[in-house]
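Below are the chains, spelled out letter by letter.
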Amino acid sequence: MEVLLFGIAKDIVGKSSFRFAEGDEVPKSVLELKQKLKNSFPDFGKLSSLAVAVNSEYAEDSESLSQGDEIAIIPPVSGG
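Anyway, here's the lowdown on the structure attached to this text. Note that this is a predicted model, so its numbers are computed, not measured.

So, about the overall build of the chain. Counting secondary structure elements, the chain contains two helices and five strands. Start at the N end of the chain and walk to the C end: the helices and strands fall as β-α-β-α-β-β-β. Dimensions of the chain, computed from the C-alpha atoms along their principal axes, are close to 40 × 25 × 20 Å. Long-range contacts, defined as pairs at least 24 residues apart, comprise 52% of the intrachain contacts of the chain with a sequence gap of at least 6. Carbon and sulfur atoms provide 48% of the accessible area of the chain, an area that totals close to 5000 Å². Charge-centre separation for the chain: the mean point of 8 positive side chains lies 7 Å from the mean point of 13 negative side chains.

On to the pattern of salt bridges. Going through the model one piece at a time under the given rule, you end up with three salt bridges. Of the charged contacts, one joins Asp-61 and Lys-34 as a salt bridge, the two residues approaching to 2.7 Å between their closest N and O atoms. Of this pair, Asp-61 sits in the loop between strand S4 (57-58) and strand S5 (70-74) while Lys-34 sits in helix H2 (residues 30-40), placing them 27 residues apart in sequence. Given a relative accessible area of 32%, Asp-61 falls into the partly exposed group. Residue Lys-34 is classed as buried on the basis of its relative accessible area of 17%. Where Asp-43 meets Lys-46, a salt bridge forms, and the shortest distance between an N and an O atom there is 3.1 Å. The exposure class assigned to Lys-46 is exposed, which follows from its relative accessible area of 68%.

Attention now goes to H2. Turning to H2, its buried residues number three or more, namely Val-30, Leu-33, Lys-34 and Leu-37. Seen from one end, H2 has its buried residues packed into an arc of 100°, which puts them on one side. Buried residues along H2 sit against strand S2 (17-19), strand S3 (51-54) and S5.

Rules and cut-offs
Residues numbered from 1 in each chain as written. Predicted model: local features only at pLDDT ≥ 70, side-chain atom pairs only at ≥ 80, totals over all residues. Heavy atoms only, no water. Helix = DSSP H or I, 4+ residues; strand = E, 2+ residues; numbered from the N terminus. Contact = heavy atoms within 4.5 Å. Areas by Shrake-Rupley, 256 points an atom, 1.4 Å probe, with all protein chains shown as cover. Lys, Arg positive; Asp, Glu negative; His and termini not counted. Charge placed at Lys NZ, Arg CZ, Asp CG, Glu CD. Salt bridge = Lys/Arg side-chain N within 4 Å of Asp/Glu carboxyl O. Buried < 20%, exposed > 50% of the residue type's maximum accessible area, 1.4 Å probe, protein only. Arc of directions from axis to C-beta.

Shown next, in the form of structure tokens:
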């Protein structure tokens, strides 16, 4: 499972992507992934919202994940 990070999410993690390897415990849902991110990187808890796309489609917290998925973490965007 590859996780792509954008905006402030990239800054929090310190890189633009990471992978859950074959032996890693892979989150089973979007909600579980968000919790795992908050546990590993507490600054994720400071974000007001966080959109997640699974295989290029926005996903709800209840959506199931599998090892072959491509995940995009999309933080809130501000602009003017």
